[in-house]
Amino acid sequence: MLALETSTFRNAMARLGAAVNIVTTGTREDPVGFTASAVCSVTDTPPTLLVCLNRTSRARAAFVMGGPLCVNVLSGTQQDLSNHFASPNSMAERFAIGHWTTLATGAPVLEEAVATFDCRVSQIVEVGTHSVLFGVVEALRMHETAGGLVYFNRAYHALPHTAL
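The following refers to the structure shown. (Residues numbered from 1 in each chain as written. Predicted model: local features only at pLDDT ≥ 70, side-chain atom pairs only at ≥ 80, totals over all residues. Heavy atoms only, no water.)

Digging into the nonpolar core
- Ranked by internal contacts, the top residues of the largest apolar core, which has 19 residues, are Val 23, Phe 34, Leu 49, Val 51, Phe 63, Leu 69 and Val 71.
- Listed by contribution, the elements that provide at least two residues to this core are β3 (31-36), β5 (47-54), β6 (68-73), β9 (115-127) and β10 (130-142).
- Not counting the four nearest positions on each side in its chain, Leu 49 is found in contact with Cys 40, Ser 41, Val 42, Leu 69, Val 71, Phe 117, Cys 119, Leu 133, Phe 134, Gly 135 and Val 137.
- Listed in part, the 10 residues of the second largest apolar core include Val 20, Trp 100, Ala 113 and Leu 149. (Core = buried A, V, L, I, M, F, W, Y, C linked by side-chain atoms within 4.5 Å. Buried < 20%, exposed > 50% of the residue type's maximum accessible area, 1.4 Å probe, protein only. Helix = DSSP H or I, 4+ residues; strand = E, 2+ residues; numbered from the N terminus. Contact = heavy atoms within 4.5 Å.)

Focus: a nonpolar patch on the surface
- Together, Leu 4, Phe 9, Met 13 and Leu 16 make up an exposed nonpolar region whose accessible area comes to about 430 Å².
- Looking at the secondary structure, you find Leu 4 in the segment before α1 (6-13). (Patch = residues over 30% accessible without salt bridge, like charges linked within 9 Å, V, L, I, M, F, W, Y side chains within 5 Å. Areas by Shrake-Rupley, 256 points an atom, 1.4 Å probe, with all protein chains shown as cover. Salt bridge = Lys/Arg side-chain N within 4 Å of Asp/Glu carboxyl O.)

Digging into unusual backbone geometry
- Look at the link from Thr 45 to Pro 46: it is a cis peptide, with omega at -5°.
- Backbone geometry at Asn 153 places phi at a positive 55°, although glycine is not the residue there.
- Along the chain, Asn 153 falls in the loop between β11 (149-152) and β12 (155-158).
- What makes Asn 153 partly exposed here is its relative accessible area of 39%.
- The backbone of Arg 154 sits at a positive phi, close to 65°, despite the residue not being glycine.

Remarks on the pattern of salt bridges
- For the structure shown, the criterion picks out 4 salt bridges.
- For Arg 141, the salt bridge identified is with Glu 111, shortest N-O distance 3.7 Å. Taken together, the positions of Arg 141 in strand β10 and Glu 111 in the loop between β8 (109-110) and β9 put the pair 30 residues apart, joining distant regions of the chain.
- The closest approach of N and O atoms between Glu 138 and Arg 120, which form a salt bridge, is 3.5 Å. With Glu 138 in strand β10 and Arg 120 in strand β9, this residue pair connects regions lying 18 residues apart in the sequence.
- On the accessibility criterion, Arg 120 (28% relative accessible area) is partly exposed.

Given below as structure tokens:
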């Protein structure tokens, strides 16, 4: 079997839709954050999720074992915020937009997020070009009336709110 070309793999992965998130660490006074779509649940006992972060990211050093990790799930109206956090802006510039508070860990929490998972990093696994950060959820918050934002086929798509 031939090895897959990187471009072929990336093109296929572009067809795997994913929620858009702002992942944060640090404090409100010294925040760090980036845009991520590589986030998923691992287990509900204990409630754990994972986040993939490029090892060359300037944000990587701030995410250390035992430190906070907060996943802020974006709404369909927050495409500009996603792009803002994915840009070369400084961390101070990134956090100048939005309303930021904290929950259990002290990591920055986006007030307008559809859902927030406030975690502690329990494990970091290095895989190829990325660090896989495992976070055990210590607190969460949901806004019941907002729809989500997904990234599919290299474009943003707003999802409507649906009642449970």
